[in-house]
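# Fold and geometry: a report
If you want the building blocks of each chain, they are given just below.
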Amino acid sequence: QQQVKQSPQSLIVQKGGISIINCAYENTAFDYFPWYQQFPGKGPALLIAIRPDVSEKKEGRFTISFNKSAKQFSLHIMDSQPGDSATYFCAATFSGNTGKLIFGQGTTLQVKP
Amino acid sequence: DVKVTQSSRYLVKRTGEKVFLECVQDMDHENMFWYRQDPGLGLRLIYFSYDVKMKEKGDIPEGYSVSREKKERFSLILESASTNQTSMYLCASSLLTEYSNQPQHFGDGTRLSIL
């Protein structure tokens, strides 16, 4: 119930293409879904986040799509660039969870020039 | 700017040694976390602290302990290091509020090898 399942584990995309990473959850109490981006040799950093009362959130080339009924959410990276090559983690939490996040397994994205 | 500093980037220790990993944050955050990161397993929470001297077990606490004597510092202790504890260790901090939208700020990790 506390798990967040993320796929694929790795992804290779050509420059200019669309990268899509998917996550699924079971706990309907989750009310906040952030995505973290981690470059090699660095710690993860918050990229974008969504609440379940909206179906989509866009920030630049990064979009989260949220499907509450299916308990799924996904990250779309439009016009993918080599500089987007990183590991991406989805996560979930709920108010009252004292700030703890439940992370997905991570996706390593490589964008080829 | 927000900063979480982990004392070592790379560390090599021997089986059976007691190992200390240190983490310091300069943001006056109440929450501090220790994770280990392994390929295909994501970020797994080892221990969590929401106040000085307070600690809570995460998903994989076996073989680890923690210490939080000051608000800004959170230490992870491997009581008797074993080879299966070879991993990347990440420290994070965040504000403690009633809301769920507080981001966690991570250090750059310590890559620990146990020989």
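Report on the accompanying structure. (Residues numbered from 1 in each chain as written. Chains lettered and ligands numbered in written order. Predicted model: local features only at pLDDT ≥ 70, side-chain atom pairs only at ≥ 80, totals over all residues. Heavy atoms only, no water.)

## Comments concerning the interface of chain B and chain A
With 24 residues of chain B at the interface, the matching set in chain A holds 23 residues. Carbon and sulfur atoms make up 53% of the surface buried where chain B meets chain A, a total of about 1800 Å² over both sides. If you sort the residues of chain B by the area they bury against chain A, Leu43, Ser100 and Gln104 of chain B come out on top, with a joint share of 28%. One salt bridge in this structure joins Lys100 of chain A and Glu56 of chain B, with 2.9 Å as the shortest N-O distance. At the junction of chain B and chain A, the tally comes to seven residue pairs in polar contact (both at pLDDT 80 or more). Residue assignment for the side of chain B that touches chain A shows that the elements contributing at least two residues are strand S4 (31-38) and strand S5 (42-51) of chain B. A class-by-class count of the residues in the side of chain B that touches chain A yields 12 nonpolar, eight polar and four charged. (Contact = heavy atoms within 4.5 Å. Buried area = accessible area lost by both parts, 1.4 Å probe. Salt bridge = Lys/Arg side-chain N within 4 Å of Asp/Glu carboxyl O. Polar contact = N/O pair within 3.5 Å; in protein donor to acceptor, adjacent residues only side chain to side chain. Helix = DSSP H or I, 4+ residues; strand = E, 2+ residues; numbered from the N terminus. Nonpolar A, V, L, I, M, F, W, Y, C, P; charged D, E, K, R; others polar.)

## Details of the nonpolar core
The nonpolar side chains of a soluble globular protein tend to be buried, and buried together. Residues and elements named next belong to chain A. The biggest cluster of nonpolar side chains holds 25 residues, and the ones touching the most others in it are Val4, Phe33, Trp35, Phe73, Leu75 and Tyr88. Looking at this core, the elements with two or more residues in it are strand S2 (10-14), strand S3 (19-25), strand S4 (33-38), strand S5 (45-50), strand S7 (62-67), strand S8 (72-77), strand S9 (86-92) and strand S11 (107-112). Looking at which element gives the most residues to this core, the answer is S9, with four residues. If sequence neighbours within four positions are ignored, Tyr88 has contacts with Gln6, Ile21, Tyr36, Gln37, Leu47, Phe62, Leu75, Ile77, Gly106, Thr107 and Leu109. (Core = buried A, V, L, I, M, F, W, Y, C linked by side-chain atoms within 4.5 Å. Buried < 20%, exposed > 50% of the residue type's maximum accessible area, 1.4 Å probe, protein only.)

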